[in-house]
Amino acid sequence: MARNKHPEETVNLILDVAYRLFMEQGYEHTSIQDIINHLGGLSKGAIYHHFKSKEDILVAVTDRMTADSNQMLADIRDRSDLSGKDKLKMIFKQSIGRPVQDEIFTAAPNFSNNPKLLSSLLHETITEAAPQYIFPILQQGISDGSIQTEYPEQLAELILLAANVWMNPMIFDSSTEESYRKFMVFRQMLQGFGLDIVDDEMLNRLQELASIYQKNK
């Protein structure tokens, strides 16, 4: 049965099942045995041949979801009809507006209990998302006059670390009210750089995601 599949198909099967269970039950409430029970005969040994732990499975599931997000970032980065500032606003709007965000915040993995996932998030933010997507947009904004900064590389890192880490309730277990205050500070910080790109609609959406997390954690 599943053990005879091509390794890539086996990995995809494990990730498909794990993703569905994480979304339905939450990461913290899903065990390796739960995953095995939905794999149509795949053994525990076969799972551990590909993944060392449930945490490794979560990292792989997240990486697969991140690939879709990165494509969205690349599409916006490469548009020729928007200023740098407008691209930043569109990135934030589309990133938090995607329906998959509801699923991620419903699964509600606790980053403090999953250091490998936190490390993966930090690595992806600093070594991939900031330099590959946000930095080029800031450089364009400097050229077209819509963004003013002498340090675009560092500003790119600061913006994403604040958005992906500091404001992430799954890392600091922030209440909805605490999350709202962080969102307001983030908005004010960007305004200080001349980037008035977080509007009320985005703030409401961020509050909605924080509420989903608190409800399902």
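Residues numbered from 1 in each chain as written. Predicted model: local features only at pLDDT ≥ 70, side-chain atom pairs only at ≥ 80, totals over all residues. Heavy atoms only, no water.

### Overview of the nonpolar core
Stage number 1. Grouped together as the largest cluster of nonpolar side chains are 64 residues, with contacts concentrated most on Phe22, Ile35, Ile47, Ile57, Leu88 and Phe186.
Stage number 2. Top contributing element to this core by residue count: helix α4 (residues 54-77), with ten residues.
Stage number 3. Here phenylalanine 22 is in contact with Tyr27, Thr30, Ile35, Lys54, Ile57, Leu58, Val61 and Ala107, once residues within four sequence places are set aside. (Core = buried A, V, L, I, M, F, W, Y, C linked by side-chain atoms within 4.5 Å. Buried < 20%, exposed > 50% of the residue type's maximum accessible area, 1.4 Å probe, protein only. Helix = DSSP H or I, 4+ residues; strand = E, 2+ residues; numbered from the N terminus. Contact = heavy atoms within 4.5 Å.)

### Section: the packing of helix α1 (residues 7-25) against helix α6 (residues 100-107)
Stage number 1. Remark: α1 packs on α6, axes separated minimally by 7 Å, with the N-to-C direction vectors making an angle of 75°. Judged by the inter-axis angle, α1 sits roughly perpendicular to α6. The segment α1 lies against α6, with Tyr19, Phe22 and Met23 engaging Val100, Glu103, Ile104, Thr106 and Ala107.
Stage number 2. Tallied by class, residues from the contact of α1 with α6 come to six nonpolar, one polar and one charged. (Axes fitted to C-alpha atoms, helices over the stretch in contact; angles between N-to-C directions. Parallel < 35°, antiparallel > 145°, perpendicular 65-115°, else oblique. Nonpolar A, V, L, I, M, F, W, Y, C, P; charged D, E, K, R; others polar.)

### Quick word on a nonpolar patch on the surface
Stage number 1. A surface patch of nonpolar side chains, about 280 Å² in accessible area, is lined by Trp166, Phe172 and Val185.
Stage number 2. Locating phenylalanine 172 in the fold gives a position in helix α9 (residues 169-172).
Stage number 3. Among the residues examined, phenylalanine 172 registers a relative accessible area of 46% and is labelled partly exposed. (Patch = residues over 30% accessible without salt bridge, like charges linked within 9 Å, V, L, I, M, F, W, Y side chains within 5 Å. Areas by Shrake-Rupley, 256 points an atom, 1.4 Å probe, with all protein chains shown as cover. Salt bridge = Lys/Arg side-chain N within 4 Å of Asp/Glu carboxyl O.)

### So, the side chain of threonine 125
Stage number 1. Along the chain, threonine 125 falls in helix α7 (residues 115-144).
Stage number 2. One polar contact links the side chain of threonine 125 to the main-chain carbonyl oxygen of leucine 121, over a distance of 2.8 Å.
Stage number 3. In contact with threonine 125, not counting residues within four places along its chain, are Ala130, Pro131, Leu160, Leu161 and Asn164. (Polar contact = N/O pair within 3.5 Å; in protein donor to acceptor, adjacent residues only side chain to side chain.)

### Observations concerning empty space enclosed by the protein
Stage number 1. Overall, the coordinates contain one cavity of 30 Å³ or more when judged by the stated rule.
Stage number 2. Its volume calculated, the largest cavity comes out at about 1,000 Å³.
Stage number 3. Looking at the lining of the largest cavity element by element, the count peaks at nine residues for α4.
Stage number 4. Within the lining of the largest cavity, the residues separate by chemical class into 31 nonpolar, nine polar and three charged. (1 Å grid on protein atoms, 1.4 Å probe; cavity = no way out; pocket = protein on both sides within 12 Å on 5 of 7 lines; lining within 4 Å. Points joined across faces, edges and corners; volume = space filled by probe spheres on them.)

### So, the packing of aromatic side chains
Stage number 1. For the structure on display, the rule yields two aromatic pairs.
Stage number 2. Relative to tyrosine 27, the ring of phenylalanine 22 lies with its centre 5.1 Å away and its plane at 70°, an arrangement referred to as edge-to-face.
Stage number 3. Classification of phenylalanine 22 as buried rests on a relative accessible area of 1%.
Stage number 4. What makes tyrosine 27 buried here is its relative accessible area of 3%.
Stage number 5. Seen from their ring centres, phenylalanine 92 and phenylalanine 186 are 5.7 Å apart, and the 65° between their planes marks the pair as edge-to-face. Remark: phenylalanine 186 occurs in helix α10 (residues 176-192) and phenylalanine 92 occurs in helix α5 (residues 84-97); sequence separation between them is 94 residues. By the burial criterion, phenylalanine 92 is buried, and phenylalanine 186 matches it. (Phe/Tyr/Trp six-rings, centres within 6.5 Å; stacked < 30°, edge-to-face > 60°.)

### Here we look at the pattern of salt bridges
Stage number 1. The tally for this structure, following the rule as stated, stands at nine salt bridges.
Stage number 2. With a shortest N-O distance of 2.8 Å, arginine 77 and aspartate 78 are connected by a salt bridge.
Stage number 3. Taking relative accessible area as the criterion, arginine 77 reaches 25% and is therefore assigned partly exposed.
Stage number 4. The exposure class assigned to aspartate 78 is exposed, which follows from its relative accessible area of 52%.
Stage number 5. It is possible to trace a salt-bridge network through shared partners that takes in Asp102, Arg205 and Glu208.

### A few points about unusual backbone geometry
Stage number 1. Its identity as a non-glycine residue notwithstanding, aspartate 173 has a phi of 55°, on the positive side.
Stage number 2. Take aspartate 173: it is sitting in the loop between α9 and α10.

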